[in-house]
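# What the coordinates show
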Amino acid sequence: DGGITQSPKYLFRKEGQNVTLSCEQNLNHDAMYWYRQDPGQGLRLIYYSQIVNDFQKGDIAEGYSVSREKKESFPLTVTSAQKNPTAFYLCASSIFTSDQPQHFGDGTRLSIL
Amino acid sequence: SQQGEEDPQALSIQEGENATMNCSYKTSINNLQWYRQNSGRGLVHLILIRSNEREKHSGRLRVTLDTSKKSSSLLITASRAADTASYFCATPLGGAQKLVFGQGTRLTINP
């Protein structure tokens, strides 16, 4: 079955440590996205990529970095510069047009030790 | 940037009743999308309505769009316990592929 896989489901970070969240899709979608969701809130866009080797900042990119070396993969690194990283992180993908829905993974919950 | 806002923030109804959620947005759009999120899971796309459409149905779901009022509603008929979830509206920002999500309506269906 086609879909989006995020791993790990739960992740713990120590102070001053970088962590990388994985996102893989086999839907052959060009566009991929990373969102952050805080408890009881909506989604805020961190980064998005419309094509391999290219990505753009979203609304809350500070303290995060991404890469898009392969069409299928869009890993997110939460750096030590992100002072409040505890949140639920969601990855999504879509066909590259504005009237197509996004398909989501099941998220990674990141907590600080 | 907040584009869509859902109302109410929380809704609790009895199984079998209808549930209506509303979404308001600020700028012109070419489509509006509704998503469902079960607790601790990712979002699932429910329905997309284009700006030239006024109403769209999918099973027990009915979505309306009023571009003059910049608002949309999602109606779930004959609710079931499995409909318990958060529901979000989302709109494209400008001509880009970026979607802007509202804060969602938390729907609880009581047996």
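Further up the page is the structure itself.
Residues numbered from 1 in each chain as written. Chains lettered and ligands numbered in written order. Predicted model: local features only at pLDDT ≥ 70, side-chain atom pairs only at ≥ 80, totals over all residues. Heavy atoms only, no water.

## A short note on the sheet that holds strand 7 (residues 61-66) of chain B
Residues and elements named next belong to chain B. Judged by pairing direction, the sheet is antiparallel, and its 5 strands sit side by side in the order 1-3-8-7-6 without closing on themselves. The open sheet has two free edges, formed respectively by strand 1 (5-7) and strand 6 (55-58), since each of these has just one partner strand. Adjacent strand axes in the sheet meet at a mean angle of 20°, parallel and antiparallel pairs treated alike. By the bridge criterion, 4 bridges tie strand 6 to strand 7 in an arrangement that is antiparallel. Counterpart to S58 in the pairing with strand 7 is L61. (Pairing = 2+ DSSP bridges. Helix = DSSP H or I, 4+ residues; strand = E, 2+ residues; numbered from the N terminus. Axes fitted to C-alpha atoms, helices over the stretch in contact; angles between N-to-C directions.)

## Quick notes on the pattern of salt bridges
The full count for this structure, using the stated rule, is 7 salt bridges over all chains. The partner of A:D38 in a salt bridge is A:R44, and the shortest N-O contact between them spans 2.8 Å. Relative accessible area serves as the criterion here: at 39%, A:R44 is assigned to the partly exposed category. Close ionic contact of B:D83 with B:R60 constitutes a salt bridge, the shortest N to O distance being 2.9 Å. Of this pair, B:D83 sits in the loop between strand 8 (71-76) and strand 9 (85-92) while B:R60 sits in the loop between strand 6 and strand 7, and the two are 23 residues apart along the sequence. By relative accessible area, which is 23% here, B:R60 ends up partly exposed. Each of A:R36, A:D38 and A:R44 takes part in salt bridges that share partners, so that together they form one network. (Salt bridge = Lys/Arg side-chain N within 4 Å of Asp/Glu carboxyl O. Buried < 20%, exposed > 50% of the residue type's maximum accessible area, 1.4 Å probe, protein only.)

The values reported here are purely geometric and, on their own, carry no functional implication.
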